[in-house]
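If you want the building blocks of each chain, they are given just below.
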Amino acid sequence: MQIHVASGTGHAPTAMAAYDAALADANLHNYNLVSVSSIVPADADVRVVDEAPDLGPAGNRLTVVQGRADATPSDAHETDRVSAALAWATGPGPGLFYEADGTDPDAVRETVLEGLAAGAELRGWTLDAEDSVVATAPTDEDAYTAAVVVAAYGESEPVA
C-alpha cells in the first residue's frame, strides 16, 4: 500500500473555508476524509509528496491520518503563525504516525518525535526509519488560517 504525505496551508473568511483551502493546497480537498488513529500497516510505503496525486473520483472516501492547526483572525494578535506536524516511524513490522499542532514549528516537530518514541515503547516495537513533515502558516488579522499535514492511505473508495 502506498501512503502519500502531503501538506498545505490556507487562509479564508471562515475556519472551514481555511481548512478546505489548506486541503486544496495539498490536493486533498475533493475527498470525504475518514481519520484513523496512528498505525502504519506493515506493507505500507510512506512517501512525502509536494501534493497528493489523483486518488480517485471527487466525493469518494479517503482514509487519512492528519495533523491540523487552526487560527482565528483574533489569534493573529497573539501569535504570528500556526504549525501542524505529522511524524512516522516504520520498522520490520507495522509503524506509527503521530500528529501535533502549535505555534512553534520546532516544538511541534519535537512533540511528534517524542510521541513516536513513546508509542514504540508502549508497543515494544523497534522502529528504525523515522521522518516528519511540518506545515506552518502565517496568521492573518483579516482571515482564518489553517495548516495541515495529511497521510492518505492508498486510493479512495466509493462512500456507499
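Relevant structure appears above.
Counting restarts for each chain, with residues numbered from 1 along the sequence as it is written. Side-chain atom pairs in this predicted model are given and counted only at pLDDT of 80 or more, local residue features only at pLDDT of at least 70, and totals for whole chains, interfaces and linings cover all residues. By convention in this description, side-chain values take in all heavy atoms of the structure and omit both hydrogens and water.

In this section: the environment of R123. Here R123 is to be found in helix α2 (residues 105–123). It is 32 Å that separates the C-alpha atoms of R123 and E51, two residues lying 72 residues apart in sequence. Once you skip the residues sitting within four places of it in the chain, R123 turns out to touch S38, I39, L96 and Y98. A distance of 3.1 Å separates the side chain of R123 from the backbone oxygen of G119, its partner in a polar contact. Every helix listed is a DSSP run of H or I at least four residues long, and every strand listed is a run of E at least two residues long, numbered separately from the N terminus. Residue contacts are defined here by distance: any two heavy atoms, one from each residue, within 4.5 Å place the two residues in contact. Any N or O atom pair separated by 3.5 Å or less is treated as a polar contact, with the protein-specific requirement of one donor-capable and one acceptor-capable atom, and with residues adjacent in sequence counted only for side-chain atom pairs.

Turning our eyes to something else, we now look at the packing of aromatic side chains. Geometry of aromatic contacts follows a simple scheme: Phe, Tyr and Trp rings, the Trp one being its six-membered ring, pair when their centres are within 6.5 Å, and the pair is stacked under 30 degrees between planes, edge-to-face over 60, tilted otherwise. Applying the stated rule across the entire model yields two aromatic pairs. A centroid spacing of 6.1 Å and a plane angle of 55° characterise the contact between W88 and F97, whose relative ring orientation is tilted. For each residue, the accessible area found with a 1.4 Å probe, counting protein chains only, is set against the maximum for its type, and the residue is called buried under 20%, exposed over 50%, and partly exposed in between. Accessibility expressed as a relative area gives 5% for W88, which makes it buried. According to the relative accessible area criterion, F97 is buried, its value standing at 0%. Both rings, one in F97 and one in Y153, keep their centres 6.1 Å apart while their planes meet at 55°; by these two values the pair is tilted. Placement of F97 in strand β7 (residues 95–102) and of Y153 in strand β9 (residues 144–153) is noted, with a sequence separation of 56 residues between them. Exposure remark for Y153: the relative accessible area of 9% places this residue in the buried category. Three or more aromatic residues link up through ring pairs in this structure, and these residues are W88, F97 and Y153.

This is a description of form; function is not addressed.
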